[in-house]
Amino acid sequence: PQYTNEKGEKVTFESRYQLEEEINRFKTLVENAASAKKFKEASKNQQYLDQLEEMKPLLPTAEELRNELAKAKAEMELAIQNKEFGKAEQLHESVEELEKKYELEQKNAVQTNIVEPTPVHPSAKPVTNLPRAPAVVAKAVVNTTTKASIQAKADVMSVTAASTMSKSSAASKSGSKPVSKLRPK
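Since the structure is predicted, the reported quantities are computational estimates derived from the model, not experimental observations.

Asker: Even after reading the chapter, I still don't get the packing of helix α1 (residues 16-35) against helix α2 (residues 39-54), so can you show me in this structure?
Answerer: How two helices pack is summed up by the angle between their axes together with the distance between the axes. Packing of α1 against α2 leaves a shortest axis separation of 8 Å and a crossing angle of 160°. When the axes of α1 and α2 are compared, the pair comes out roughly antiparallel. Crossing of α1 against α2: the hand is left-handed. Of the residues in α2, those touching α1 at L19, E22, I23, F26, K27, L29, V30, A33 and A34 are F39, E41, A42, N45, Q46, Y48, L49, L52 and E53. Tallied by class, residues from the contact of α1 with α2 come to twelve nonpolar, two polar and four charged.

So, in structure tokens, the structure goes:
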């Protein structure tokens, strides 16, 4: 997509990130002009901004490129399986072009996250050399209970229950009651 900017220059966008950069530039121009009460300038810049916003559907985002790339690869694989090699060759060229575009968008998407924003006010300066917080490493509590230890506890409990049962059943067979050791004789 191509458009003519405020200086009368023709600008061609090869990728979405370039378009987004220009959109952000015009947003800043509109905000600055409006805050300086230069409404005619703000209105003119808003018109350019609107033109740029209309171009967004013409240039896919990295996410959209990734989806197109996956679809093209699937179609190419299907063409190869069906032995349609002419179609597969065309799709292969398309896949390579999409991969280049996707890599470019990915590379620039990562770079845009690193770049510091430009100050809105001309006298504003970015703050640098700020002290950094020390790195804190959180330690997680690990549950050390294993199946073997759970099984061992269950075995001990079942043996204890069995021995208790055998004593009480022996007492009931003889007809006598168990005597408490706390009670005097």
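Asker: Before we go on, may I ask you to explain the packing of aromatic side chains in this structure?
Answerer: The geometry of an aromatic ring pair is captured by two quantities: the separation of the ring centres and the angle between the planes. Applying the stated rule across the entire model yields one aromatic pair. For the ring pair F26 and Y48, a centre distance of 5.5 Å and an interplane angle of 35° mean the geometry is tilted. Here F26 is found in helix α1, whereas its partner Y48 is found in helix α2, with 22 residues between them in sequence. Here the two residues F26 and Y48 agree in accessibility, since each one is buried.

Asker: I tried to follow the nonpolar core on my own but got confused; where do I start?
Answerer: Buried together is how nonpolar side chains tend to be arranged in soluble globular proteins. Of all hydrophobic cores here, the largest spans eleven residues; its members are A62, L65, L69, A72, M76, A79, A88, L91, V95, L98 and Y102. Going through the elements one at a time, α3 (62-81) and α4 (85-114) are the ones with two or more residues in this core. The biggest single contributor to this core is α3, with six residues. The residues contacting V95, other than those within four sequence positions of it, are L69, A72, K73 and M76.

Asker: I tried to follow the pattern of salt bridges on my own but got confused; where do I start?
Answerer: A side chain of one charge can pair with a side chain of the opposite charge when the charged atoms of the two come close. Enumeration over the complete set of coordinates arrives at eight salt bridges. Between E20 and K56 there is a salt bridge; the shortest N-O distance is 3.8 Å. Taken together, the residues E20 in helix α1 and K56 in the loop between α2 and α3 connect sequence positions 36 residues apart. By relative accessible area, which is 22% here, K56 ends up partly exposed. The salt bridge involving E63 is made with R66; its shortest N-O contact spans 2.5 Å. Of the two residues, E63 and R66 both sit in helix α3, three residues apart, roughly one turn of that helix. A residue is classified by how much of its surface remains accessible, and R66, at 40% relative accessible area, is partly exposed. The network of salt bridges with common partners includes R16, E20, E53 and K56.

Asker: Would you take a moment to explain α3 for this structure?
Answerer: Because each turn of an α-helix spans 3.6 residues, side chains separated by three or four positions in sequence point in the same direction. Over its 20 residues, α3 extends 28 Å from the first C-alpha to the last, a length consistent with the 28 Å expected when each residue adds 1.5 Å. Residues of α3 that are buried: A62, L65, L69, A72, M76 and A79. Summarising the axial view, the buried residues of α3 lie within an arc of 100°, below the 170-degree limit, and thus occupy one face. Of the exposed residues in α3, those oriented more than 90 degrees away from the buried face are K71 and Q81. Within two residues after α3, K83 carries a phi angle of roughly 60°, on the positive side.

Asker: Please clarify how the environment of K10 should be interpreted in this entry.
Answerer: With respect to the secondary-structure elements, K10 resides in strand β2 (residues 10-12). In contact with K10, other than residues within four places in its own chain, are Q2, Y3 and T4.

Asker: Even after reading the chapter, I still don't get the confidence of the model for the protein, so can you show me in this structure?
Answerer: Detailed reading of the predicted coordinates is not advisable wherever pLDDT falls low. Averaged over all residues, the pLDDT of the protein is 73; the fraction at 70 or higher stands at 59%. In the predicted structure, residues 133-146 sits below a pLDDT of 50 and forms one contact with residues beyond four places in sequence or in another chain. In the predicted structure, residues 159-172 sits below a pLDDT of 50 and forms two contacts with residues beyond four places in sequence or in another chain.

Cut-off values and rules
- In this convention, every chain numbers its residues from 1, walking through the sequence in written order.
- Confidence filtering applies because this is a predicted model: local features only for residues at pLDDT of at least 70, side-chain atom pairs given and counted only at 80 or more, and all residues used for totals across whole chains, interfaces and linings.
- With hydrogens and water stripped out, all remaining heavy atoms of the structure feed into the side-chain values.
- Where helices are involved, their axes are fitted lines through C-alpha atoms of the stretch in contact, as for all axes, and angles between N-to-C directions lie from 0 to 180°.
- In this description a helix means any DSSP run of H or I spanning at least four residues, a strand means any run of E spanning at least two, and both kinds are numbered starting from the N terminus.
- Orientation labels follow simple angle bins: below 35 degrees gives roughly parallel, above 145 gives roughly antiparallel, 65 to 115 gives roughly perpendicular, and whatever is left gives oblique.
- By convention, the crossing between two helices is left-handed when the near helix turns anticlockwise from the far helix through less than a right angle, and right-handed when the turn is clockwise.
- Note on contacts: a residue pair qualifies if any of its non-hydrogen atoms lie within 4.5 Å across the two residues.
- Each residue gets one of three labels, nonpolar for Ala, Val, Leu, Ile, Met, Phe, Trp, Tyr, Cys and Pro, charged for Asp, Glu, Lys and Arg, and polar for the others, Gly among them.
- Stacked, edge-to-face and tilted are the three classes for Phe, Tyr and Trp ring pairs, Trp counted by its six-membered ring, which pair at centre distances within 6.5 Å; planes under 30 degrees apart are stacked, over 60 edge-to-face, the rest tilted.
- Under the scheme applied here, a residue whose accessible area is under 20% of the maximum for its type counts as buried, over 50% as exposed, and between as partly exposed, the area being computed with a 1.4 Å probe on protein chains only.
- To qualify as a nonpolar core, a set must consist of buried Ala, Val, Leu, Ile, Met, Phe, Trp, Tyr and Cys residues joined through side-chain atoms within 4.5 Å.
- Here, a salt bridge means any side-chain nitrogen of Lys or Arg that lies within 4 Å of a carboxyl oxygen of Asp or Glu.
- Helix span, expected: 1.5 Å multiplied by one less than the number of residues in the helix.
- Note that the arc is computed from the directions linking the helix axis to the C-beta atoms.
- Per-residue confidence from the prediction method is given by pLDDT, with values spanning 0 to 100.

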